[in-house]
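Spelled out, the chains give:
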Amino acid sequence: MSDLKQQIDLTRLPKHIAIIMDGNGRWAKEKGEDRLFGHFHGVESVRNIVEGCAELGVEYLTLYAFSTENWDRPENEVNGLMALLVDTIRKEVETLNKNNIKLHVIGDMKMLPQYAVEELQEALEMTSKNTGLNLVMALSYSSRWELLNAVKNIAIEVKSGTLDPDTISYDTLQRFLTTSNFPDPELMIRTSGEYRISNFLLYQLAYAELYFTNTRWPDFRKHNLYEAILDFQARERRFGKTSEQLA
Ligand code: IPE
Ligand code: IPE
Ligand code: MG
């Protein structure tokens, strides 16, 4: 395990890792348990991976915790997930501070219950001065929601005259995204064997390296993270150029 860690080239770490934490429900079902049991155990993996990224010196970690589409799940699962979220944040803020981790949230906060918004705001404030790992929680997030929102807000500025359409650049668009303060993810990991993006950071993942593993999220641990990073480091990122041009 530590052997894997030693193989990682710390000078070529992905600056930003994004993870679709999938497979909690199947993990629980395989054990004859309720889906919420899987979510509950998924928190252990979150703790482990956040710690793993902080130890390595990864600068940004984005975790897809709840999608806009997940609101359509059965009510008891949605309520259970919200309660788990608030409970986890309350319990973990101290550890985040101890490890110098700064929390960020992206997503449609208007959809969240008020008690969850308040708990989140408190945690954001309490960790706002930290300078280590940036932990970005994607909550009630979907890429199409984000892009639609960006388009609406750009239209508002154009209409009011504060933005000239001729000057709209990629930088302008970036400014209207929820990720405006973060670099694009370089490595995207999805657990539990699905080969899809499920409405996650569609624009920002343009040149990310994608890594898929069959491991269910509640089983995902630091050594799985190290494997993904090693795989990333073995790839040639060409950004549209030829291999020779990169030499
Ligand atoms: C991911 O696990 C967690 C959330 C989407 C909240 P799932 O709940 O999607 O688990 P599976 O994919 O049904 O196994
Ligand atoms: C994506 O997983 C969302 C999160 C992990 C939060 P889903 O389980 O909701 O995605 P689909 O339904 O398999 O595409
Ligand atoms: Mg799933």
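A short tour of the structure in this document, coming up. (Residues numbered from 1 in each chain as written. Chains lettered and ligands numbered in written order. Predicted model: local features only at pLDDT ≥ 70, side-chain atom pairs only at ≥ 80, totals over all residues. Heavy atoms only, no water.)

Looking at the overall build of the protein
Along the protein, the regular secondary structure elements total nine helices and six strands. Since a compact globule built from 247 residues should have a radius of gyration of about 18 Å, the 19 Å found for the protein is in line with a globular shape. Dimensions of the protein along its principal axes, counting C-alpha atoms only, are 55 × 50 × 35 Å. Buried residues in the protein amount to 47% of all 247 residues. Summing over all exposed atoms, the protein offers an accessible surface of approximately 13200 Å²; the carbon and sulfur share of this is 50%. (Helix = DSSP H or I, 4+ residues; strand = E, 2+ residues; numbered from the N terminus. Rg over C-alpha atoms; globule rule 2.2 N^0.38 Å. Buried < 20%, exposed > 50% of the residue type's maximum accessible area, 1.4 Å probe, protein only. Areas by Shrake-Rupley, 256 points an atom, 1.4 Å probe, with all protein chains shown as cover.)

Re the site of ligand 1
Close to ligand 1 lie Met21, Asp22, Gly23, Asn24, Gly25, Arg26, Arg35, His39, Ala65, Asn70, Arg73 and Leu81, which account for all nearby residues. Gly23 is positioned with one of its backbone polar atoms (N or O) 3.3 Å from an oxygen atom of ligand 1. Within the complex, the protein chains bury 87% of what would otherwise be the 370 Å² of accessible surface of ligand 1. Of all elements in the fold, only helix 2 (24-30) and helix 3 (35-56) reach the threshold of two or more residues within the shell around ligand 1. With three residues, helix 2 is the largest single contributor of residues to the shell around ligand 1. (Near = heavy atom within 4 Å. Polar contact = N/O pair within 3.5 Å; in protein donor to acceptor, adjacent residues only side chain to side chain.)

Observations regarding the site of ligand 2
Within the structure, ligand 2 sits among Ile20, Met21, Asp22, Tyr64, Ala65, Phe66, Ser67, Asn70, Arg73, Arg190, Arg196 and Ser198. In this structure, an oxygen atom belonging to ligand 2 sits 3.2 Å away from a side-chain N or O atom of Asp22. At 3.0 Å, a side-chain N or O of Asn70 approaches an oxygen atom of ligand 2. Out of a free accessible area of 390 Å², ligand 2 has 78% covered by protein chains. Here the shell around ligand 2 takes four residues from strand 2 (residues 60-67), the largest share from any one element. For the shell around ligand 2, the residue count by class is five nonpolar, three polar and four charged. (Nonpolar A, V, L, I, M, F, W, Y, C, P; charged D, E, K, R; others polar.)

Thoughts on the nonpolar core
Counting residues in hydrophobic clusters, the biggest one holds 44 residues, and the most contacted among them are Ile17, Ile19, Leu61, Leu63, Leu135, Ile189 and Leu225. When contributions to this core are tallied by element, the ones reaching two or more residues are strand 1 (16-20), helix 3, strand 2, helix 4 (75-98), helix 5 (114-126), strand 4 (134-141), strand 5 (187-190) and helix 8 (222-233). If one sorts the elements of this core by residue count, helix 4 sits on top with seven residues. Here Ile17 is in contact with Cys53, Val58, Tyr60, Leu61, Thr62, Leu187, Ile189, Leu225 and Ile229, once residues within four sequence places are set aside. Ranked by size, the runner-up nonpolar core spans 15 residues in total, among them Tyr64, Met188, Leu201 and Leu205. (Core = buried A, V, L, I, M, F, W, Y, C linked by side-chain atoms within 4.5 Å. Contact = heavy atoms within 4.5 Å.)

Describing the side chain of Thr127
One can find Thr127 in the loop between helix 5 and strand 4. Among all residues touching Thr127, those that are not within four sequence positions of it are Val93, Leu96, Asn97, Ile101, Lys102 and Leu103.

Considering unusual backbone geometry
A positive phi angle, near 60 degrees, is found at Asn100, a position not held by glycine. Summarising the element assignment, Asn100 is placed in the loop between helix 4 and strand 3 (102-106). Assessed through its relative accessible area of 28%, Asn100 is described here as partly exposed. A positive phi angle, near 65 degrees, is found at Asn199, a position not held by glycine. Structurally, the position occupied by Asn199 is in the loop between strand 5 and strand 6 (209-212).

Overview of helix 5
If you check helix 5, its first and last C-alpha atoms are 18 Å apart, about what 13 residues at 1.5 Å a residue would give, namely 18 Å. All of the buried residues along helix 5 are Ala116, Val117, Glu119, Leu120 and Ala123. For helix 5, the arc enclosing every buried residue in end-on projection is 165 degrees, short of the 170-degree limit, so these residues lie on one face. Away from the buried face of helix 5 by more than 90 degrees, exposed residues Gln114 and Glu125 are located. (Expected span 1.5 Å × (residues − 1). Arc of directions from axis to C-beta.)

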